[in-house]
Amino acid sequence: MTVSVANKMIQNRAGLTDLGRLALAFIDGGSEWLDWAISNAGPRYDFPDESTLVEQVQQGLHATRLALLPNLKLMVSPVKLMTLGVDSLRTLADAESGETSATVSAQVKRILADHTLLTQDDFAASASFLAGLGVSGAPVFQFMGFDEQLAVQELLYRKESQGTANPELQKEAAAFAVEQARTVQEFADYYQFYLIYVNRLGSLTATPDDRKKRAGGALDTILPQLFGFLECPQVPPLAAPAEVAHAVSNWQKRGRPVGFARLSDGALQIVRDTAFRDETGDAVRVLVAGYLAGAQALLSATPPQRGIMGQDGASCLFPVFGKGIQAEIQMGAAGVISLRCFRPDPPAAATTAAA
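Predicted, not measured: the structure shown is a model, and the values here were computed from it.

### What to know about the sheet that holds strand 6 (residues 308–309)
Pairing is antiparallel across the open sheet formed by 4 strands, whose spatial order is 6-7-8-9. Looking at which strands have only one partner, the edges of the open sheet turn out to be strand 6 and strand 9 (337–344). Of the strands in this sheet, strand 7 (316–321), strand 8 (325–331) and strand 9 touch helix 15 (residues 281–301), which is tilted by about 100 degrees from strand 9.

Structural data, given as structure tokens:
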């Protein structure tokens, strides 16, 4: 026998749990690889757990984290699939194999919604969104991988992105973001930045040029204050919540704050999560420092305990709640841990997160 999981020899497919076996079956060639590896007299394959097994089999066979489920029009990491549970995986397997009954279709729709799994149809809506804003042909969108499409898709569900009924203002925000951004993720940040800032100032009756000038000035004021807050702790891929908490704690003990994933995200957080209006100079420095200090204090007092894994099976969002405040830290696909938000805790937020 040449395959082991958690020091247990695997003699056939039945040696895996139902969850591991179902997840492996969603990988094209995954079950067949296991049969071959078990019977192969060559090298050993030792995995610490089944999540690592399915992750490495997917990467090894297809050089990508995402498995394709063509009938469902879904690309998703098998590791993410393992978080859905056995019953949900069996339902998805039935649908992927061709089951089209109303009951199964309804269950699939619920599963996808409950776990925020996006399909080809969802991403088509993102393309329509960009076209409606008049920016779909901008050079920044010439390479749209999964992460880039996800960044645009998230705009469709963010209140700050759709909080105004003025389509022309949304087009202004998109034009501003295209001018400022060098990546799709930055476009999403700057698009939200513009809408939030303009609405806060109550300058909807001003001219487009005035709105653009004020938003650009605010951005020029904020960005230089963020240069010292871009360093972040890092953990190996598929790190457990305890590992993330340990990395954050060690980082802070060295006197280093958990910073922003990118400049544009930091600027968005400052305008979204603070009372920033038109401060300059020392006032901006104090505001940014206070925001970071408050977030670090919460992370020090309340280590992250549970994470919400992304569709890619590598990124993870960790909500952290204190008394009347909340923060989120994001572990990216490369294991970089960054601050996602720090703000007052809205009503019932803790209950929602627990659910």
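### Structural notes on the pattern of salt bridges
Under the criterion given, the structure shown has 15 salt bridges. Of the charged contacts, one joins Asp18 and Arg90 as a salt bridge, the two residues approaching to 3.3 Å between their closest N and O atoms. Here the residue Asp18 occupies a position in helix 1 (residues 18–25), and Arg90 occupies one in helix 5 (residues 86–96), the gap between them amounting to 72 residues. Here Asp189 makes a salt bridge to Arg262, at a shortest N to O gap of 2.7 Å. Taken together, the residues Asp189 in helix 11 (residues 184–201) and Arg262 in the loop between helix 13 (241–253) and helix 14 (263–273) connect sequence positions 73 residues apart.

### Digging into the pairing of strand 9
As paired elements, strand 8 and strand 9 share 7 bridges and run antiparallel to each other. In the sheet register, Ile329 faces strand 9, and the bridge partner there is Leu339. Counted between consecutive antiparallel strands, the loop separating strand 8 from strand 9 contains 5 residues, among which Gly335 sits at a positive phi close to 90 degrees.

### What about the nonpolar core?
Grouped together as the largest cluster of nonpolar side chains are 64 residues, with contacts concentrated most on Phe141, Phe187, Tyr191 and Phe276. The element contributing the most residues to this core is helix 11, with 12 residues. Once residues within four sequence positions are removed from consideration, Phe141 is found in contact with Leu130, Val135, Ser136, Val152, Val178, Val184 and Phe187. Core analysis: the second largest hydrophobic core is formed by 34 residues, Ile10, Ile27, Leu84 and Leu112 among them.

### Things to note about the environment of Phe143
With respect to the element layout, Phe143 can be found in the loop between helix 7 (120–133) and helix 8 (146–155). On the accessibility criterion, Phe143 (67% relative accessible area) is exposed. In sequence terms Phe143 and Thr183 are 40 residues apart; their C-alpha atoms lie 9.4 Å from each other.

### Observations regarding the packing of helix 7 against helix 8
Contact geometry of helix 7 with helix 8 gives a least axis separation of 9 Å together with a crossing angle of 70 degrees. When the axes of helix 7 and helix 8 are compared, the pair comes out roughly perpendicular. The two elements helix 7 and helix 8 cross, and the hand of that crossing is left-handed. In contact with Asp122, Phe123, Ser126, Phe129 and Leu130 of helix 7, helix 8 contributes Phe146, Gln149, Leu150, Val152, Gln153 and Leu155. For the contact of helix 7 with helix 8, the class distribution of residues is 7 nonpolar, 3 polar and 1 charged.

### As for the sheet that holds strand 3 (residues 45–47)
With respect to topology, 3 strands assemble into an open sheet ordered 2-1-3, the strand pairing being mixed. The sheet is open, and its two edges are formed by strand 2 (8–9) and strand 3, each paired on a single side. Sheet contacts for helix 2 (residues 30–39): strand 1 (3–5) and strand 3; angle to strand 3, the most-contacted strand, approximately 120 degrees.

### Concerning helix 6 (residues 102–114)
The end-to-end C-alpha distance of helix 6, which contains 13 residues, comes to 18 Å, matching closely the 18 Å that a straight helix rising 1.5 Å per residue would cover. Among all positions of helix 6, only Val104, Val108, Ile111 and Leu112 are buried. Around the axis of helix 6, the buried residues are gathered within 95 degrees of arc, so they sit on the same side. Turned more than 90 degrees off the buried face of helix 6, the exposed positions are Ala102, Thr103, Lys109 and Ala113. Against the buried residues of helix 6 lie strand 5 (74–76) and helix 5.

### A few points about the packing of helix 10 (residues 167–180) against helix 12 (residues 208–222)
The contact between helix 10 and helix 12 brings their axes to 11 Å, and the two run at 45 degrees. Taken as axis vectors, helix 10 and helix 12 run oblique relative to one another. Relative to helix 12, helix 10 is oriented so that their crossing is right-handed. On the side of helix 10, the interface is formed by Leu169, Glu172, Phe176, Glu179 and Gln180, while helix 12 contributes Pro208, Arg211, Lys212, Ala215, Gly216 and Leu219. Looking at side-chain class alone, the contact of helix 10 with helix 12 contains 5 nonpolar, 2 polar and 4 charged residues.

### Structural notes on helix 12
For helix 12, spanning 15 residues, the distance from its first C-alpha to its last is 21 Å, which sits close to the expected 21 Å at 1.5 Å a residue. Inspection of helix 12 places Arg211, Ala215, Gly216, Ala218, Leu219 and Ile222 among the buried residues, and these make up the whole buried set. Down the axis, helix 12 shows its buried residues gathered within 160 degrees of arc, on one side only. Opposite its buried face, helix 12 presents the exposed residues Asp209, Lys213 and Asp220, each directed more than 90 degrees away.

### Observations concerning the pairing of strand 7
In the sheet, strand 6 pairs with strand 7 via 2 bridges, with the strands oriented antiparallel. Bridge assignment links Met309 to a residue of strand 7, and that residue is Cys316. Between strand 6 and strand 7, which pair antiparallel one after the other, the connecting turn spans 6 residues, and Gly313 there sits at a positive phi close to 75 degrees. Relative to strand 8, strand 7 runs antiparallel, the two sharing 6 bridges. Looking across to strand 8, one finds that Pro319 is bridged to Glu328. In sequence, strand 7 turns back onto strand 8 through a hairpin of 3 residues, with Gly324 there showing a positive phi of about 80 degrees.

Calculation rules
- Residues numbered from 1 in each chain as written.
- Predicted model: local features only at pLDDT ≥ 70, side-chain atom pairs only at ≥ 80, totals over all residues.
- Heavy atoms only, no water.
- Pairing = 2+ DSSP bridges.
- Helix = DSSP H or I, 4+ residues; strand = E, 2+ residues; numbered from the N terminus.
- Contact = heavy atoms within 4.5 Å.
- Axes fitted to C-alpha atoms, helices over the stretch in contact; angles between N-to-C directions.
- Salt bridge = Lys/Arg side-chain N within 4 Å of Asp/Glu carboxyl O.
- Core = buried A, V, L, I, M, F, W, Y, C linked by side-chain atoms within 4.5 Å.
- Buried < 20%, exposed > 50% of the residue type's maximum accessible area, 1.4 Å probe, protein only.
- Parallel < 35°, antiparallel > 145°, perpendicular 65-115°, else oblique.
- Left-handed = near helix turned anticlockwise from the far one by under 90°.
- Nonpolar A, V, L, I, M, F, W, Y, C, P; charged D, E, K, R; others polar.
- Expected span 1.5 Å × (residues − 1).
- Arc of directions from axis to C-beta.

Note that every value here comes from positions in space, so none of it alone points to a role or purpose.
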